[in-house]
Amino acid sequence: MKRQDYYLNGDSGKMSSDGFYISKSKAFIIVFLALAVAVGVGIIVHFAGSAVNVECVCTFPTTDGGNSVGETAALELCKTWASEGYTDICSVCPNNRMSSTISTRMTRKTITTPRTNTTSGSVTTTQNVPSVVSNVRLPTALKPLLYTLELQPHMYTMNPDEFTFNGSVRILFHCMENTDNITLHINQLNLTGYISVTHENKIEDLYQRHEFDIARQFIIIYTKIQLIAGRNYTVDISSFVGPLVPGLSGLYISSYTREDTKIYLATTMMAPIDARKVFPCQDEPAFKAEFDVTILRKESKKAISNTPLAQSVSRGDDWVADKFERTPKMSTYLLAFIICDFNYTQNTTKSGITYRAWSRPEATDQTQYSLDVGVRILTFYEKYFNIPYPLPKQDMIAIPDFAAGAMENWGLITYRETAMLYQPGVSSVKNKQFVAIVVSHELSHQWFGNLVTPSWWDDLWLNEGFATYMQYMGVDHVHPEWKMFEQFVVDLQDVFNIDGLISSHPVYVPVAHPNEINAIFDKISYAKGASIIRMMRFFLGDDVFQHGLTRYLNGLRYDVAFHDDLWFALGNQSLAEDNRISNVKEIMDTWTLQMNYPVVKITYNRTGQITVEQHRYLQDPNAMDPGKYTSPFGYKWHIPFAYTTSDDKWFNVNSNDVIIMNKNETTKTISKNSIPAPTGNNWVLGNPMQYGYYRVNYDDRNWIALTEQLKSDHTVVHVINRAQIIDDAWSLAKSGDLDMSIALRTTEYLNKELDWIPWSAANNQLGFVGSMLERHQLNESFTKYMQNKTSSAFEKVKLNSTGTTHLESFLRSTITNLACSYGVEACVDEAKQLFAQWMSSPENNPIDPGIKSTVYCVAVAEGGIDEWEFVLVQYRTANLADEKSRLLEGLSCSKQPVILSRYLKMAIDPNEIRRQDSVSVIVHISRNTNGRSLAWEFFQANWDFLSNDFAAGSFTFSTLVSGITSLFNTQFELDQLKEFVDSKASLGSGERAFAQALEKTQSNINWMTANVPVIESWLNDQGY
C-alpha cells in the first residue's frame, strides 16, 4: 500500500462464551416482550444525540434457555450506535429513517446480529456485548485452504442510500489441532441464511450454534462434535448482506459524473483488516488460502478481480455471473474486485504478462504513461529478484474515490487517480514522478508482501519498507536521469523529524487492536524501513543484498515471514559470498527493535586521527518518556560508519569503506595517515552520501570549516551531503546539540546553490523557522533575509520550465514557491499576471504545470471572492485528478476568514469535496496563517464526525491530527491541545498522533524560547 502523502498514519478484555438461554416453551412470550422493549428504542435513541434523529425498531433473538439475549445491554448498545449515526443496528431498522446534520456521520454501519439457524436439532445463538479489548488474534486450530465466494452488489437504483450487497461463502479448512469451534472475522454484515459444517467425507451437518464477539469482530461457530486434527472440514455460510456505502474500506461505492449524471462503481479496499466487512473469513495475513471468486453484475457493467475471467454465465433478469480463475495462495487483504463501466489500454511484458490500465472512459488517454512504466518496471523486478511474476495478468485501475495512494492487490492494483493518471502538458513533472513512484512501489509488493507476507502486522515494515526502497530502484531503472537515489535523502530527512520524538515507535512494533494496526501505517514503517534497508545494502554490498533477497523470497514463496527470516537469508548469503560483514541480525536488531536513532559525534583534534562516539537523538531531550517501548540495547546501535576529508573528497563510498562501530563501544578511534591536520579550513565529513541512518555532529571548528567550504566552492561537497549538512545542523540546533548560530551559517551560501536536493533540505528547515516566526515580531526581518536568499535564484529560474531537466523543474517549483511566499515582488507580480490571463481566457491556461500550485495560491491570497470562485469552478470542471488537487490546495490560500470558514464546511460535504480529499483540504487551511485557528476550532467542533469517518483509515486520521497541530508553538495552544485530549475517552487510531502533537508543540515552545533571541541577534548582525 502506498501512503497518500501527495499534499504534503485497548485494554485487556476476554471474550465470554457464556450465553443466556431460554426454553422453546417460553420463546413465544419473550418475542412479544422483545418487541415491546424494542418499541421504546426509537424513543431512547431519539434523545441519544442532538445531531441525529433515529427511529429504529429492533428485535432481539431468543434462545432455548429461557431468556432474551441480554436485552438491557443490547438496548444500551443500540442506543450508543444509533446516536453515532449507525442506523442499521438491528435486523429490521429501516435505512431511510435517519436524518443528520453535516456534523454527523454520513455513512451507515450494519452490525452483525444473531438469527435462528434453520438446521435441524437443538440450535442456540448468542451475542456478546462489545468491550475494550487488546488481544484480537484468531485461534490457530484451523487453516483455511480454499474460499468459494460469490458476491452481488446492488447499485442500480437511483438512490445510493438503498445500495447493498449480498453474498455467500464456503470455506475449506484443514484442522491443525482438535477444536470444537470455528472462529471467523465478521464486521458490519447481517447473516440471512443458514450455516453448516461438514467433514469432507460425510454428509452430516456438524453445526450446533454460533455467537458473536462484537468487540473482536468474531463469529464463533460451535460444532456438535470435536473437529479432529489432520482432517478437512467445510463451513457454508449461505447468505449474508452488507451495506454498500462510500466508506473507502471493504466493498464500497465510488462515483463520478458524466454529463450531470452520477455513475456508480463498486470497488474494494481490504487492507489491513476490512475483508471481514465483505465476507466472513480469517482476516489475518498468516491465514493464506486460495480463492474462487464469482461476481454478479448487470449486463451494462464489467467485473474485474485478481485473476483472469474464466467464464460468464447468464443468471436471468439482466444479471451475469463472472467466475474468475482460482487465485494463488494469498492473504485476505489482497483480494479485490471491481464492478464498473471503465475502459482500458493494454500492453504485454517480455515474459508474456498481459498488463492493462483501467480508468473512467473520459480519462483513458491519461493511462499511457503509467502503463508503459508499469510494463518496464515489472520486467525489471522479474530480472532483479530472479523470480517470475506468478500471475498471467496484471491490472491497474484508477479509482475516483480512494483513501490511500494505491493498494497492491495481487493482479489488480487499485490507485487513487492522482497516483496513476498523467497528461503531458497539463500534469506537472512532480505528478509524473509521483505516478512512476507509486507504480514502482505497488509492483514491488507483488513480491514483498504478496508472494512473501509478514506473519502479522508488527512486521508491516517488511512490506512497506521494502516497497518504499524498491520504488526508487524501479524508477531509477526507467529514468536514470532523475537521480532517484539522490532524491532518496529527501524521504530520509523527513522521517528523521518524526523518529526524533520520544513518542515514536520501533520499526518492529507489537500491535493487537485494530486501532494500533491502523496507526503504524506511518513514516516509520515506510520511510525509516526503507532507510535502514538502504543502509543495509550499503554495508553488505549490492551483490550480497540482491542475492540475499532472492534467497529470502524463494525460501518463503506463498508463505509468511518474520523479520528474523530476512536476517537469516541475508546473513547466510553473506557467508556464502565470503563477505566480511555477516552478522546481519546482530546489526539490524539494533535498528528495528528500538526507536529513534543515534548522533555520531566526531572529535577531530589531531593529524591522522578522529574519534567517534554515539548518543541517542531526541528533538526534545527533556521530553517525558511514556514508557510504552523499552530499548533492549540501551539506545545504542551497531553503526556502519564512513567518512571523507577535505584532502580526500571521496564521496563514492562502498561496503569496503564501512567501519562498524559496535553498540558496546563508548568511543572508537580511527587512525589514517590521510586525515589532515585540524587547522585552517581542513574538515572531516561523516556519513558520505548519507547512507547511514544517523546524524553527524562535530566541534565548532569543523562545522565552520564545512560552511566555509560551501561558501568558497560548494560543488566540492556532494549534493547529498550539502543537504545533509543543512539538515543535520538545524536538527542538532533544535535538540540543543549545536548552537543555532552554526545552523544559520549553513544557509549563507544558498545564493549560489542551484541543485534541488540541498534546496529541499533548506526549504524544510527554513520553512519550519518561517512557520514558527510568522506570528512573531521577528517575522519581518526573517522575511527580508529569505527574500535575499531566494531572489537571485528566482532571477535564474523564472516561471517557465522550457528546456529544463527533471530536477531543474523541481528546483524551479521550490524556488518559485519560496520567492512568492516571502513576497519577492517579481515573483508575485508575474504570478498574478499569469493568473489574470487565465481568468480572461479559461480555456487556455498559460501557467506552467510545475508552478501552478504557487500561482494559484498567490492569486487566491492576493485576490478576493472572484478569484476564489473562479478556482472553484475550475476544480468542479477539471478532468485531470492532479489538476483538481492543485486547485483544491489553491482554494485554501485565501486571507479572508469568511471564505476559509466556508471552505472548511465544504471539506466534509461529499457533494462538494470527495471524502478522500477532505483531510488534505483541512490540513492545507491549517497551514494558512489566517486559517490555523479556524481549522483547529473546526476540528474540535466536528470531532465526532471526523473521528468516525477517518479514524478507521490506515493513516488519514493521523495525518489530520499531525497536520493541523504541527505549527502550534504557544503555551495557549499547548493548553488547548491538552484539554482536548483529556476530554476524550478514546482517541482511537489517533492516539499516537496526539501524543506526538503534544510532544512537538512542547518542542516548538522550547525552540522559540531558546532560539528566537539567537536568530534575532544573527539577523541584526547580517543587516536585517
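Please read all numbers here as calculations on a predicted model, not as lab measurements.

So, on to the packing of aromatic side chains. Counted by the stated rule, this structure contains 57 aromatic pairs. With a centroid separation of 6.0 Å and an interplanar angle of 40°, the aromatic rings of phenylalanine 980 and phenylalanine 994 are classed as tilted. Linking phenylalanine 980 in helix H27 (residues 971-982) with phenylalanine 994 in helix H28 (residues 991-1021), this pair joins segments that are 14 residues apart in sequence. Judged by relative accessible area, phenylalanine 994 falls into the buried class, the value being 1%. Each member of the aromatic cluster is reached from another via a ring pair, and the members are Phe380, Tyr381, Tyr384, Phe385, Tyr389, Trp447, Phe448, Phe466 and Tyr552. Of note, lysine 298 hangs over the ring of tyrosine 156, and the distance from its end group to the ring centre comes to 5.9 Å. Positioned above the aromatic ring of tyrosine 635 is the side chain of arginine 616, whose terminal nitrogen or guanidinium carbon lies 3.5 Å from the ring centre.

We now examine the pattern of salt bridges. In total, this model carries 40 salt bridges according to the counting rule given. Its salt-bridge partner being arginine 170, residue aspartate 236 comes within 2.7 Å of it at the nearest N-O pair. Residue aspartate 236 is located in strand S11 (residues 232-243), and its partner arginine 170 is located in strand S5 (residues 164-175); the two are separated by 66 residues in the primary sequence. We classify aspartate 236 as buried; its relative accessible area is 13%.

Across the interface, helix H16 (residues 779-797) lies against helix H17 (residues 806-821) with an axial gap of 9 Å and an inter-helix angle of 135°. Judged by the angle between their axes, H16 and H17 are oblique. Regarding H16 and H17, the two cross each other, and that crossing is left-handed. Here H16 contributes Met786, Thr790, Ala793, Phe794 and Val797 to the contact with H17, which in turn contributes Leu811, Arg812, Ile815, Thr816, Leu818 and Ala819. Taken together, the residues that form the contact of H16 with H17 break down as 8 nonpolar, 2 polar and 1 charged.

The next point concerns H17. In a regular helix each residue adds 1.5 Å, so 16 residues correspond to 22 Å; H17 covers 23 Å between its end C-alpha atoms and thus fits that length. Of all 16 residues making up H17, 12 are buried, and the element is well covered by its neighbours. Listed as buried for H17 are His806, Leu807, Ser809, Phe810, Leu811, Arg812, Thr814, Ile815, Thr816, Leu818, Ala819 and Cys820. Buried residues in H17 make contact with helix H4 (429-445), helix H6 (484-499), helix H15 (756-773), H16, helix H18 (825-840) and helix H19 (852-862).

This part is about the state of the cysteines. Applying the stated rule across the entire model yields 2 disulfides. Between the sulfur of cysteine 820 and that of cysteine 827 lies a disulfide, 1.9 Å long from S to S. Between cysteine 820 and cysteine 827 the disulfide shows an S-S torsion of about -95°. By sign, it is left-handed. By the burial criterion, cysteine 820 is buried, and cysteine 827 matches it. Between the sulfur atoms of cysteine 857 and its disulfide mate cysteine 893 the distance is 2.0 Å. Taking the sign of the S-S torsion, -105° for the link of cysteine 857 and cysteine 893, the bridge is left-handed. In this pair, cysteine 857 sits in helix H19 while cysteine 893 sits in the loop between helix H21 (881-891) and helix H22 (897-907), placing the two residues 36 residues apart along the sequence.

Taken in spatial order, the 5 strands of this open sheet run S19-S20-S21-S23-S22, and their pairing is mixed. Either end of the sheet is taken by a strand with one partner, and the two such strands are strand S19 (343-348) and strand S22 (406-407). Across 2 bridges, S22 lies against strand S23 (residues 412-416) in antiparallel orientation. Paired with methionine 407 across the strands is threonine 414, a residue of S23. Most of the contacts of H4 go to S23, to which it runs at about 150°, and overall it touches strand S20 (354-359), strand S21 (393-399), S22 and S23.

Reading the values: the criteria
Residues numbered from 1 in each chain as written. Predicted model: local features only at pLDDT ≥ 70, side-chain atom pairs only at ≥ 80, totals over all residues. Heavy atoms only, no water. Phe/Tyr/Trp six-rings, centres within 6.5 Å; stacked < 30°, edge-to-face > 60°. Helix = DSSP H or I, 4+ residues; strand = E, 2+ residues; numbered from the N terminus. Buried < 20%, exposed > 50% of the residue type's maximum accessible area, 1.4 Å probe, protein only. Lys NZ or Arg CZ within 6 Å of the ring centre and 35° of its normal. Salt bridge = Lys/Arg side-chain N within 4 Å of Asp/Glu carboxyl O. Axes fitted to C-alpha atoms, helices over the stretch in contact; angles between N-to-C directions. Parallel < 35°, antiparallel > 145°, perpendicular 65-115°, else oblique. Left-handed = near helix turned anticlockwise from the far one by under 90°. Contact = heavy atoms within 4.5 Å. Nonpolar A, V, L, I, M, F, W, Y, C, P; charged D, E, K, R; others polar. Expected span 1.5 Å × (residues − 1). Disulfide = S-S within 2.5 Å. Pairing = 2+ DSSP bridges.

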